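# Structure assessment
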Amino acid sequence: MLKKALTIAGSDSGGGAGIQADLKTFQELEVFGMSALTAVTAQNTLGVHGIYPMTVEAVVSQIQAIGDDIGADALKTGMLFNAEIIVAVSEMIKKYQWENIVIDPVMIAKGGASLLQTEATVALKKYLLPLAKVLTPNIPEAEVLTGMTIRTREQKQNAAKSLYELGVSHIIIKGGHDEVPTESTDLFYDGKEFYTFTSKRITTKNTHGTGCTFSAAITAELAKGANVYDAVVTAKDFIQAAIEDQFEIGHGHGPTNHGAYRKRKEKAYL
Ligand SMILES: Nc1ncnc2c1ncn2[C@@H]1O[C@H](COP(=O)(O)OP(=O)(O)O)[C@@H](O)[C@H]1O
Ligand SMILES: Cc1ncc(COP(=O)(O)O)c(N)n1
């Protein structure tokens, strides 16, 4: 039976990140994608030009429309913008007893615009993180959530342990912002063991939406019944293909190629 995945996130008019990246990724990984918008952004490859948050009522109403009828086998959150939306989303997750929850703690867009109000971090830690099966911070986000400086492998491990203490079952600290020039290594922690997922670092300016795409791929795989480790393996392959098979869109930091992973798979079967 077709599995269903929900994204609760912001809209990126430029189509590379946010809701648009999530729905494209869900489609490519063959799950039925649904969305609840938290904010509309006027955005392109050059940056964020405007942010128009939804009311809490509008966010709740969208989630209820899905929960009361369609259901979700997995869901992810992206840009949540403020504490009121975070609290409401947490309440909705509890109301529908949804379990496969992936939290991408989106804070700052790559161009520098703030997609989460600073004071909302407290609500994120208190209400949403304890519900998370998977948390996917990049290095700056992990630093904000833990208050730690993260440069070395040991510091990454300590940060992951500290996030685990907040009630998250699995943590992946992504390596896109690492300073290693040859590889991009993501650190995975399940409360017992550490695992690393390493890929060749691609030299490109087209990395807009990598984090959204990566967490959406994990969500799609969880919806289909994969365990968290296997979901991360697929997501890492998906994002690597999407960054490698780049295309030129816009004049700034372009999007990734969401169709690349499926095309590669189809080729391999020929
Ligand atoms: N230049 C790159 N080459 C290869 N993989 C990358 C590159 N940049 C990011 N990634 C991968 O993309 C995923 C998203 O990471 P990151 O860019 O850190 O997230 P975010 O978009 O939240 O800042 C991770 O799996 C990371 O390893
Ligand atoms: C609506 C929205 N959500 C999320 C991001 C983060 O994008 P990135 O994955 O490049 O950090 C974004 N730029 N816009």
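What counts as what
- Residues numbered from 1 in each chain as written.
- Chains lettered and ligands numbered in written order.
- Predicted model: local features only at pLDDT ≥ 70, side-chain atom pairs only at ≥ 80, totals over all residues.
- Heavy atoms only, no water.
- Near = heavy atom within 4 Å.
- Polar contact = N/O pair within 3.5 Å; in protein donor to acceptor, adjacent residues only side chain to side chain.
- Areas by Shrake-Rupley, 256 points an atom, 1.4 Å probe, with all protein chains shown as cover.
- Helix = DSSP H or I, 4+ residues; strand = E, 2+ residues; numbered from the N terminus.
- Core = buried A, V, L, I, M, F, W, Y, C linked by side-chain atoms within 4.5 Å.
- Buried < 20%, exposed > 50% of the residue type's maximum accessible area, 1.4 Å probe, protein only.
- Contact = heavy atoms within 4.5 Å.
- pLDDT = per-residue confidence, 0-100.

### A few points about the site of ligand 1
- Around ligand 1, 17 residues are found, and the nearest of them are Lys-110, Lys-174, His-177, Ser-184 and Asp-186.
- In this structure, an oxygen atom belonging to ligand 1 sits 3.0 Å away from a main-chain N or O atom of Gly-176.
- In this structure, Ser-184 approaches ligand 1 through a side-chain N or O atom, which is 2.6 Å from an oxygen atom.
- Protein contact buries 94% of the 560 Å² of open area that ligand 1 shows by itself.
- For the shell around ligand 1, the secondary-structure elements that each account for two or more residues are strand S8 (183–189), helix H7 (210–223) and helix H8 (228–244).
- At four residues, H8 tops the list of elements feeding residues into the shell around ligand 1.

### Observations concerning the site of ligand 2
- Lining the immediate environment of ligand 2, one finds 16 residues, of which Gln-43, Lys-110, Gly-209, Gly-211 and Cys-212 sit closest.
- Lys-110 places a side-chain nitrogen or oxygen 3.0 Å from an oxygen atom of ligand 2.
- Calculation on ligand 2 without its partners gives an accessible area of 370 Å², and the protein chains cover 95% of this total.
- Secondary structure elements with two or more residues in the shell around ligand 2: strand S1 (4–12) and H7.
- The leading source of residues in the shell around ligand 2 is H7, at three residues.

### Observations regarding the nonpolar core
- Among the nonpolar cores identified, the biggest contains 42 residues, and Leu-6, Val-89, Trp-98 and Leu-124 are the most heavily contacted of them.
- Tallying contributions element by element places helix H3 (residues 83–95) first for this core, with six residues.
- In contact with Leu-6, other than residues within four places in its own chain, are Phe-26, Met-34, Ser-35, Ala-36, Ile-66, Ala-72, Ala-74, Leu-75, Lys-76 and Trp-98.
- Counting 29 residues, the second largest nonpolar core, distinct from the first, contains Ile-172, Phe-214, Val-232 and Ala-260.

### Regarding helix H5 (residues 139–146)
- Across the eight residues of H5, six count as buried, placing the element largely inside the fold.
- Among the residues of H5, those classed as buried are Ile-139, Glu-141, Ala-142, Glu-143, Leu-145 and Thr-146.
- Among the structural elements, helix H4 (120–128), strand S6 (134–135), helix H6 (153–164) and strand S7 (170–173) are those in contact with the buried residues of H5.
- If you check the start of H5, you find a side-chain oxygen 2.9 Å away from the backbone N of Glu-141, and it comes from Asn-138.
- Where H5 ends, the next residue or the one after it, Gly-147, has phi of about 75 degrees, a positive value.

### Some remarks on the environment of Ser-90
- Summarising the element assignment, Ser-90 is placed in helix H3.
- Each C-alpha atom of the pair Ser-90 and Arg-153 lies 32 Å from the other, and the pair is 63 residues apart in sequence.
- When neighbours within four sequence positions are excluded, Ser-90 is seen to be in contact with Tyr-127, Leu-128 and Leu-131.
- In terms of polar contacts, Ser-90 uses its side chain to reach the backbone carbonyl oxygen of Ile-86, at 2.7 Å.

### Remarks on the confidence of the model for the protein
- Averaged over every residue, the pLDDT of the protein is 96; the share at 70 or more is 100%.
- Both scores are given for the predicted complex: the pTM is 0.98, the ipTM 0.98.

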